[in-house]
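# Geometric and topological summary
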Amino acid sequence: MISQFDEFTDAADAVDEVFSEPVRLYPKQGGLPDPERETQDIFAVLRVGGAKDESLGSSRSWHSKIMEREAELSFSCARSPLPVLRKGDIVRALARDGRPCWEVLAEPERASTRLVYKLGETS
Amino acid sequence: MSLIMLAVGSCMVKALKGQTLAQDRVLQSDPTALEAKADGSLEAGPDGPFISVHVPDAVLNPQSTEQGIYANGIAEIYIETGVTAKMWHTDEDGKQVFEGVGFLPTSGNMVNLLGLLDRQIIDRLSADSQWADLLRQFFTGPAKVTRTGFISARGQRVSARQLKLSIPLVNEPQLDDLDEFFELRDAPLPEGETAKLPDVPFARFVWLLSTSENQQDRVLAEQIVGVLGGDLPEWAGLAQRMGFTRADMQAIAVGPADPDNPDTVFPDEGSALVESGAV
């Protein structure tokens, strides 16, 4: 790794150390368990945003609304072994009340210091 | 929202409740159909596909021949359905289950599920059931049907559909539409006998509400009767229903000769118009 990134990597590691929580990763493929990857428990940073009232539907003629909150799971790229998540995988927050679940909505671009996965609510 | 629009919404909800994949998750005019608690830790709101019925608008065209503003014109009825990824529950082994249906949580399945639900909805609204039959009696013509779909994945994967019916409604009910309701209410049948339901649709609607197991239905029935039950003389009821002015009433010689003195009469009370039944 190029030396100029070292301090960023150190910072990412430090963030992980302070904000991480235990999560269980259930690898999925088309809604079924992915036979090629094992369920594993890791520590990662799980950020859940505030609820937003989004309109359902594409025009003003729709009446129902939906409460949505964006969530992200992130960890340092320097971690070894580096966990691999794919779209559709389930993430369970083991230390939170009710052990809620999210699904991976989007895989990140390969970033230099942190991998940030966009999550969607599931239960 | 008029009384007929209210009746249409209620009948629709009752015709659909427990009869489709959405089970009891049939809401009337609930803008927050899908909701979750703020900390994101617990789910709330419907835990499966839902139906939300809205009857917000009706337009009466000015070229209508109806008198007064007791006509409803054409109403827009929105039946929105939705399913979200949150409705699949992950068990401890990571298996994702959806209540009663073996669908995996793929977006294709979410859309297909709403397709099935759409068909169930139109079947239930067209069925020979108590509430669906009553509902259709408030319609006076064919519906224009518009279907729209929606998918999104902002904070969760969502799939939704909207079935919009633009359909002409009957005019607003008047107190005498409730005659059959009052007969049934005021002359209770002997124990064991079931009342014959009123023939007039609105009377039947109020009767069914007033005999419902749901306490809120019974409150609604009482309130409807209260709103309709003004103690007007016949001529005043007629004037009101037809949207007639005092001058109109004078011209057809119906009601008191001097509207401010109800005891005054036209010299030839019982004009030809009244006797012929033209008014």
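## Details of the sheet that holds strand β4 (residues 40-48) of chain A
All names here are of chain A.
- Reading around the barrel, the 6 strands line up as β1-β4-β7-β10-β9-β8 and close back on themselves, with antiparallel pairing between neighbours. On average, each strand axis in the sheet is tilted by 45° relative to the strand beside it, whichever way the strands run.
- Bridge count for strand β1 (residues 21-26) against β4 is 5 bridges, and the pairing is antiparallel. Bridge assignment links Pro22 to a residue of β4, and that residue is Phe43.

## Description of the confidence of the model for chain B
All names here are of chain B.
- On average, residues of chain B carry a pLDDT of 83, and 86% of them reach 70 or more.
- By mean pLDDT, the top-scoring element of chain B is helix α3 (residues 130-137) (96), and the lowest-scoring one is helix α9 (residues 272-276) (52).
- This model gives residues 33-44 a pLDDT under 50, and the stretch forms 37 contacts once residues within four places in sequence are excluded.

## Quick notes on a nonpolar patch on the surface
- On the surface, Val15(A), Val18(A) and Phe19(A) cluster together to form a nonpolar patch covering roughly 270 Å² of accessible area.
- Here Val15(A) lies in helix α1 (residues 6-19).

## Examining the sheet that holds strand β1 (residues 26-28) of chain B
Residues and elements named next belong to chain B.
- Spatially, β1-β2-β3-β7-β6 is the arrangement adopted by the 5 strands of the open sheet, whose pairing is mixed. Because the sheet does not close on itself, it has two edges, and the strands there are β1 and β6 (144-153). Shown here is a sheet whose adjacent strand axes are inclined to one another by a mean of 20°, direction ignored.
- In terms of strand pairing, strand β2 (residues 50-59) meets strand β3 (residues 74-84) through 8 bridges, oriented antiparallel. Residue pairing across strands places Phe50 opposite Gly82, the latter belonging to β3.

## Let's talk about the nonpolar core
- With 62 residues, the main nonpolar core has Phe202(B) and Phe205(B) as its most contacted residues.
- Sorting elements by how many residues they give to this core places helix α1 (residues 3-16) of chain B first, with 11 residues.
- Those residues in contact with Phe202(B) that sit more than four places away from it in its chain are Leu3(B), Ile4(B), Ala7(B), Phe138(B), Pro173(B), Leu178(B), Ile224(B) and Leu228(B).
- Counting 17 residues, the second largest nonpolar core, distinct from the first, contains Val23(A), Leu25(A), Ala44(A) and Leu73(A).

## Looking at the side chain of Thr81(B)
- Residue placement: Thr81(B) occurs in strand β3.
- Every residue in contact with Thr81(B), bar those within four places of it in the chain, is listed here: Phe50(B), Ile51(B), Leu114(B), Leu117(B), Ile121(B), Ser159(B), Ala160(B) and Arg161(B).

## Digging into helix α7 (residues 234-242) of chain B
All names here are of chain B.
- When we look at burial in α7, the residues that qualify are Ala236, Gly237, Leu238 and Ala239.
- Here the buried face of α7 lies against α8 (246-251).
- Gly243 occupies a position one or two residues after α7 and carries a positive phi of about 70°.

## Notes on the interface of chain B and chain A
- Chain B puts 48 residues into the contact, and the matching count from chain A is 38 residues.
- When the area that chain B buries against chain A is broken down by residue, the three leading residues are Glu92(B), Arg154(B) and Gly155(B), summing to 18%.
- Here chain B is connected to chain A by 5 salt bridges.
- Two residues, Glu92(B) and Arg24(A), come together in a salt bridge whose shortest N-O distance is 3.8 Å.
- Our enumeration of links across chain B and chain A arrives at 11 residue pairs in polar contact (both at pLDDT 80 or more).
- Those elements giving two or more residues to the side of chain B that touches chain A turn out to be β2, β3, β4 (89-90), β6 and β7 (157-168) of chain B.

## Some remarks on the pattern of salt bridges
- Scanning the entire structure with this criterion turns up 20 salt bridges over all chains.
- Between Arg86(A) and Asp34(A) there is a salt bridge whose closest N-O contact spans 3.6 Å. Note that Arg86(A) is positioned in the loop between β7 (71-76) and β8 (90-93) and Asp34(A) in the loop between β3 (32-33) and β4, a separation of 52 residues in sequence.
- Overall, Asp34(A) belongs to the buried group, its relative accessible area being 5%.
- Its salt-bridge partner being Asp118(B), residue Arg147(B) comes within 2.8 Å of it at the nearest N-O pair. Placement of Arg147(B) in strand β6 and of Asp118(B) in helix α2 (residues 107-126) is noted, with a sequence separation of 29 residues between them.
- Salt bridges sharing partners connect three or more residues here, namely Arg24(A), Asp41(A), Arg92(A), Arg99(A) and Glu92(B).

## As for the environment of Pro62(B)
All names here are of chain B.
- By secondary structure assignment, the location of Pro62 is in the loop between β2 and β3.
- Looking at Pro62, the relative accessible area reads 78%, which means it is exposed.
- Taking C-alpha positions, Pro62 is 36 Å from Asp263, a pair spaced 201 residues apart along the chain.

## A few points about the packing of aromatic side chains
- On inspection of all chains with the given rule, the structure shows 7 aromatic pairs over all chains.
- Pairing Phe75(A) with Tyr117(A) gives two aromatic rings, centres 6.0 Å apart and planes at 35°, and the pair type is tilted. Of this pair, Phe75(A) sits in strand β7 while Tyr117(A) sits in strand β10 (residues 114-122); the two residues are 42 residues apart in sequence, bridging distant segments of the chain.
- Classification of Phe75(A) by relative accessible area gives buried; the value is 0%.
- Taking the centre distance of 6.5 Å and the plane angle of 70° together, the rings of Phe138(B) and Phe202(B) count as edge-to-face. Linking Phe138(B) in the loop between α3 and β6 with Phe202(B) in helix α5 (residues 201-210), this pair joins segments that are 64 residues apart in sequence.
- Residue classification places Phe202(B) among the buried residues on the basis of a relative accessible area of 3%.
- Through a chain of ring-to-ring contacts, the aromatic side chains of Phe138(B), Phe202(B) and Phe205(B) assemble into a single cluster.
- The ring of Phe19(A) has Arg47(A) sitting right over it, with the charged end atom 4.8 Å from the ring centre.
- Over the face of the ring belonging to Trp131(B) we find Lys14(B), whose NZ or CZ atom lies 5.5 Å from the ring centre.

Reading guide: rules and limits
Residues numbered from 1 in each chain as written. Chains lettered and ligands numbered in written order. Predicted model: local features only at pLDDT ≥ 70, side-chain atom pairs only at ≥ 80, totals over all residues. Heavy atoms only, no water. Pairing = 2+ DSSP bridges. Helix = DSSP H or I, 4+ residues; strand = E, 2+ residues; numbered from the N terminus. Axes fitted to C-alpha atoms, helices over the stretch in contact; angles between N-to-C directions. pLDDT = per-residue confidence, 0-100. Contact = heavy atoms within 4.5 Å. Patch = residues over 30% accessible without salt bridge, like charges linked within 9 Å, V, L, I, M, F, W, Y side chains within 5 Å. Areas by Shrake-Rupley, 256 points an atom, 1.4 Å probe, with all protein chains shown as cover. Salt bridge = Lys/Arg side-chain N within 4 Å of Asp/Glu carboxyl O. Core = buried A, V, L, I, M, F, W, Y, C linked by side-chain atoms within 4.5 Å. Buried < 20%, exposed > 50% of the residue type's maximum accessible area, 1.4 Å probe, protein only. Buried area = accessible area lost by both parts, 1.4 Å probe. Polar contact = N/O pair within 3.5 Å; in protein donor to acceptor, adjacent residues only side chain to side chain. Phe/Tyr/Trp six-rings, centres within 6.5 Å; stacked < 30°, edge-to-face > 60°. Lys NZ or Arg CZ within 6 Å of the ring centre and 35° of its normal.

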